[in-house]
Amino acid sequence: MSDQSTHLRETVRERYAAAAVQVTEGGSACCGPQAVEVDDNFGSTLYASDERDALPAEAVAASLGCGNPTAVADLHEGERVLDLGSGGGIDVLLSARRVGHTGKAYGLDMTEEMLALALANQKKAGATNVEFLKGTIEAIPLPANTIDVVISNCVINLSTDKPAVFDEMFRVLAPGGRIGISDVVADDSLTPAQRAERGDYVGCIAGALSFAEYRQGLEAVGFTDIELTPTHAVADGMHSAIVRAVKPATATRTAPSAPVEASACCG
């Protein structure tokens, strides 16, 4: 990993560590934790009130995503779900409820503070079909062909090596498995420099791929039935989007494909 990529990853880690500490230390006896400050395009307001009410307040307060991937992943009883960049655990806990006691929901995060918050939220929720893992989304610490659904909420755009993320999603999915992701995606007309300019104003979105680049990246590792659907704007020419794709039922590749040049994150 280059020095720039290392610096960018550390910048992301520090931001989310600070968010976890804010939620952990920002509670009060009467009113619960203070939500992390984000605008209306991000955060817990993108979840239905009944979903928020069913979870620990700290899981809701730590939500920093740009969508609600559990609402688009079409989860079923007994499925194995992996959330990339699971943060305080909101999507993992919602997934665990949907897949039931015969299924399992994994959360993967690289930030110690977020993992500690997520484990505390798991305990408060009484979720027994949940497991949180420490690691990066570019090197998922799970065996190949073991996951039915990969979800993620506004995290892949933060990666400094998106081809590795796509490769790893494909590797861990069982044949016939699928992804249901919320992510920030740019109009095809925007250059990387223009995306970086917008990232200065709306969080860490400068590393977002364009719609065409996202599709090409998923196709390159073997995904099919790819759909990218914008849901709402997060900046001029930048969108929160739903990303769906399928690993073919005949696919069994377990080794990474050849590396592809990655886009940088955050500008």
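The present account deals with the structure reproduced in this document. (Residues numbered from 1 in each chain as written. Predicted model: local features only at pLDDT ≥ 70, side-chain atom pairs only at ≥ 80, totals over all residues. Heavy atoms only, no water.)

### As for the packing of helix α6 (residues 162–172) against helix α8 (residues 211–221)
As a reminder of what qualifies: Axes here mean lines fitted to C-alpha atoms, for a helix over just the part in contact, with angles spanning 0 to 180 degrees between N-to-C directions. Only DSSP runs of H or I covering at least 4 residues are called helices, and only runs of E covering at least 2 are called strands; the numbering of each starts at the N terminus. If an angle is under 35 degrees, it is roughly parallel; if it is over 145, roughly antiparallel; if it lies from 65 to 115, roughly perpendicular; otherwise it is oblique. Crossing chirality is assigned from the near helix's rotation relative to the far helix, an anticlockwise turn below a right angle marking it left-handed and a clockwise turn marking it right-handed. The contact definition used throughout considers only heavy atoms, calling two residues in contact when any of these lie within 4.5 Å.
The geometry of α6 relative to α8 is characterised by a closest axis approach of 9 Å and an angle of 45 degrees between their N-to-C directions. The angle between α6 and α8 places the two elements in the oblique class. In this structure, α6 crosses over α8, and the sense of that crossing is right-handed. Residue-level inspection shows Pro 163, Phe 166, Asp 167, Met 169 and Phe 170 of α6 in contact with α8, the latter providing Tyr 214, Gly 217, Leu 218 and Val 221.

### Here's the deal with the packing of aromatic side chains
To keep things clear, this is the line we draw: Only rings of Phe, Tyr and Trp enter the pairing, Trp through its six-membered ring, and a pair is recorded when the two centres are within 6.5 Å. The plane angle decides the type: under 30 degrees is stacked, over 60 is edge-to-face, the rest tilted. For each residue, the accessible area found with a 1.4 Å probe, counting protein chains only, is set against the maximum for its type, and the residue is called buried under 20%, exposed over 50%, and partly exposed in between. Each ring is checked for a lysine NZ or an arginine CZ that lies within 6 Å of its centre and within 35 degrees of its normal; such an atom marks a charge sitting over the ring.
Within the structure shown, the criterion is met by 2 aromatic pairs. On the numbers, 5.1 Å between centres and 90 degrees between planes, the contact of Phe 170 with Phe 223 is edge-to-face. Of this pair, Phe 170 sits in helix α6 while Phe 223 sits in the loop between α8 and β6 (224–235), and the two are 53 residues apart along the sequence. As far as burial versus exposure is concerned, Phe 170 and Phe 223 are alike and both buried. The ring of Phe 170 is capped by Lys 247, whose NZ or CZ atom sits 4.9 Å from the centre of that ring.

### Regarding the sheet that holds strand β2 (residues 104–109)
Condition: Strand pairing is defined by DSSP finding a minimum of two bridges between the two strands.
Reading across from one edge, β3-β2-β1-β4-β5-β7-β6 is the order of the 7 strands in this open sheet, with mixed pairing throughout. On the outer flanks of this sheet lie β3 (130–134) and β6, each paired with one strand and no other. The sheet shows a mean angle of 15 degrees between the axes of neighbouring strands, direction not considered. As defined by bridge partners, β6 adjoins strand β7 (residues 238–246) across 8 bridges and the pair is classed as antiparallel. Within β7, the position partnered with Ala 235 by the bridge is Met 238. Along the sheet face, α8 touches β5 (173–186), β6 and β7 and points at about 150 degrees away from the line of β6.

### Notes on the nonpolar core
To keep things clear, this is the line we draw: We define a nonpolar core as any set of buried Ala, Val, Leu, Ile, Met, Phe, Trp, Tyr and Cys residues linked to one another through side-chain atoms lying within 4.5 Å.
Judged by nonpolar contacts, the single largest core of 33 residues is most densely connected at Leu 82, Met 169, Ile 179, Tyr 214, Leu 218 and Phe 223. Taken together, the elements giving at least two residues each to this core come down to β1 (80–84), β2, β4 (147–153), α6, β5, α8, β6 and β7. A total of 5 residues in this core trace back to one element, the largest contributor, which is α6. Those residues in contact with Leu 218, other than ones at most four positions away along the chain, are Phe 166, Met 169, Ile 179, Phe 223, Ile 226, Val 243 and Ala 245. The next biggest cluster of nonpolar side chains, apart from the first, holds 9 residues, and it includes Leu 93, Ala 105, Ala 118 and Phe 132.

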